[in-house]
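# Secondary and tertiary structure notes
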Amino acid sequence: MNSLFDNSAESFLLQLPDADIQYFPQFFSKEEADRIFTDLLQNIPWQQDDIRVFGKVYPQPRLTALFGNEGKSYSYSNITMQPHPWSPLLLQLKEKVEAVAQTHFSTVLLNQYRDGRDSNGWHADNEKELGVNPVIASLSFGAERQFQLKHNEITDLKKSITLEHGSFLLMQGTTQHCWKHQIPKTAKPVGNRINLTFRIIK
């Protein structure tokens, strides 16, 4: 997997106010992305936590896993996750995104969307432990899904992009303070997708 460290992939900036978002559609070759997807699908200890919405408890509509430095737990939606130790593959992926982001990440949250019924509702990655202006490096493998953004104050300002197999989305600056994002449900037949979001837990 030597070409994991080839950082020559082309990218473009999303032209959005109050945001710094860069997208690399083919950060990995299809062969690399296929291999990574299979490894993650088979070797990650996936879990499904319960979430509480308006007083009712539901299974979270996706599978998750947390890996990272020892002692760097992560909490969101009344869920607190403890990290597994870094695997060799995840360390390789971390090194590749760090070279582009010029940031050293402490943690990666993995989400598995098994089909179109799995989703992630409107939110921002702005938890206190992520600090001010967090850098979020997001890798996607498997089925393509729509990634939707909406501005917190300019209500008619929205954006949707397709996150492709082997792609990389880098969000920086004030993005998490000014925008929310989601992976919506879809009735279209869609396969399994795995997403990794590298972040810094303070």
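Cut-offs used in this document
Residues numbered from 1 in each chain as written. Predicted model: local features only at pLDDT ≥ 70, side-chain atom pairs only at ≥ 80, totals over all residues. Heavy atoms only, no water. Helix = DSSP H or I, 4+ residues; strand = E, 2+ residues; numbered from the N terminus. Rg over C-alpha atoms; globule rule 2.2 N^0.38 Å. Buried < 20%, exposed > 50% of the residue type's maximum accessible area, 1.4 Å probe, protein only. Contact = heavy atoms within 4.5 Å. Areas by Shrake-Rupley, 256 points an atom, 1.4 Å probe, with all protein chains shown as cover. Lys, Arg positive; Asp, Glu negative; His and termini not counted. Charge placed at Lys NZ, Arg CZ, Asp CG, Glu CD. Axes fitted to C-alpha atoms, helices over the stretch in contact; angles between N-to-C directions. Parallel < 35°, antiparallel > 145°, perpendicular 65-115°, else oblique. Left-handed = near helix turned anticlockwise from the far one by under 90°. Nonpolar A, V, L, I, M, F, W, Y, C, P; charged D, E, K, R; others polar. Core = buried A, V, L, I, M, F, W, Y, C linked by side-chain atoms within 4.5 Å. UniProt positions renumbered as here; feature names shortened; annotations may be inferred. Expected span 1.5 Å × (residues − 1). Salt bridge = Lys/Arg side-chain N within 4 Å of Asp/Glu carboxyl O.

- The protein chain has the name Alpha-ketoglutarate-dependent dioxygenase AlkB in an unreviewed UniProt entry, where Flavobacterium turcicum is given as its organism.

## Remarks on the overall build of the protein chain
- Check the secondary structure of the protein chain and you find three helices and 15 strands.
- A globule of 202 residues ought to have a C-alpha radius of gyration of about 17 Å, and the protein chain, at 16 Å, matches this closely.
- Within the protein chain, buried positions represent 48% of all 202 residues.
- Contacts in the protein chain between residues far apart in sequence, at least 24 positions, make up 73% of those at least 6 positions apart.
- Of the roughly 10,100 Å² that the protein chain leaves accessible, carbon and sulfur atoms contribute 49%.
- One way to put it: in the protein chain the 21 positive side-chain charges average out to a point 7 Å from where the 22 negative ones average out.

## Let's talk about the packing of helix 1 (residues 30-43) against helix 2 (residues 88-101)
- Their axes nearest at 11 Å, the elements helix 1 and helix 2 cross at an angle of 135°. Taken together, the axis directions place helix 1 and helix 2 in an arrangement best described as oblique. Here helix 1 and helix 2 pass one another in a crossing that is left-handed. On the side of helix 1, the interface is formed by Ile-36, Asp-39 and Leu-40, while helix 2 contributes Leu-89, Leu-90 and Leu-93.
- A per-class count over the contact of helix 1 with helix 2 returns five nonpolar, no polar and one charged.

## Here's the deal with the nonpolar core
- With 31 residues, the main nonpolar core has Leu-40, Leu-90, Leu-110, Leu-139, Leu-196 and Phe-198 as its most contacted residues.
- Contributions of two or more residues to this core are made by helix 1, strand 5 (63-68), helix 2, strand 8 (107-113), strand 10 (136-142), strand 13 (167-172) and strand 15 (193-199).
- No other element matches the five residues that helix 2 contributes to this core.
- Setting aside its immediate chain neighbours within four residues, Leu-139 contacts Phe-27, Phe-28, Leu-93, Val-97, Ser-167, Phe-168, Ile-194, Asn-195, Leu-196 and Phe-198.
- Listed in part, the 15 residues of the second largest apolar core include Tyr-113, Leu-149, Ile-161 and Leu-169.

## Brief notes about the UniProt feature "domain: Fe2OG dioxygenase" (unreviewed entry) in the protein chain
- Those places that UniProt annotates as "domain: Fe2OG dioxygenase" (unreviewed entry) correspond, in this numbering, to residues 104-202.
- Taken end to end, residues 104-202 is 4% helix and 49% strand, and its two terminal C-alpha atoms sit 12 Å from one another.

## Re helix 2
- Taking 1.5 Å of rise per residue, 14 residues should cover 20 Å, and helix 2 covers 20 Å from first to last C-alpha, within 8% of that figure.
- Of the residues making up helix 2, those classed as buried are Leu-89, Leu-90, Leu-93, Lys-94, Lys-96, Val-97, Glu-98 and Ala-101.
- Tucked inside the fold, the buried residues of helix 2 contact helix 1, strand 5, strand 8, strand 10, strand 13 and strand 15.

## Comments concerning unusual backbone geometry
- One non-glycine residue, Asp-18, adopts positive backbone phi at about 60°.
- Secondary-structure assignment places Asp-18 in the loop between strand 1 (12-13) and strand 2 (20-24).
- Accessibility expressed as a relative area gives 37% for Asp-18, which makes it partly exposed.
- You will see that Gln-102, though not glycine, has its phi angle at about 55°, which is positive.
- Owing to a relative accessible area of 66%, Gln-102 belongs among the exposed residues under this scheme.

## Quick look at the pattern of salt bridges
- A full pass over the atoms with the stated rule returns five salt bridges.
- Among the ionic pairs, Glu-98 bridges to Lys-94, the shortest N-O distance being 2.9 Å. One end of the pair, Glu-98, and the other, Lys-94, are both in helix 2, four residues apart, so they sit about a helical turn from each other. The pair formed by Glu-98 and Lys-94 is uniform in burial state, with each residue classed as buried.
- Across the pair Arg-199 and Asp-125 runs a salt bridge whose closest N-O atoms are separated by 3.9 Å. Residue Arg-199 is found in strand 15, and its partner Asp-125 is found in the loop between strand 9 (120-123) and strand 10; the two are separated by 74 residues along the sequence.
- Classification of Arg-199 by relative accessible area gives buried; the value is 2%.

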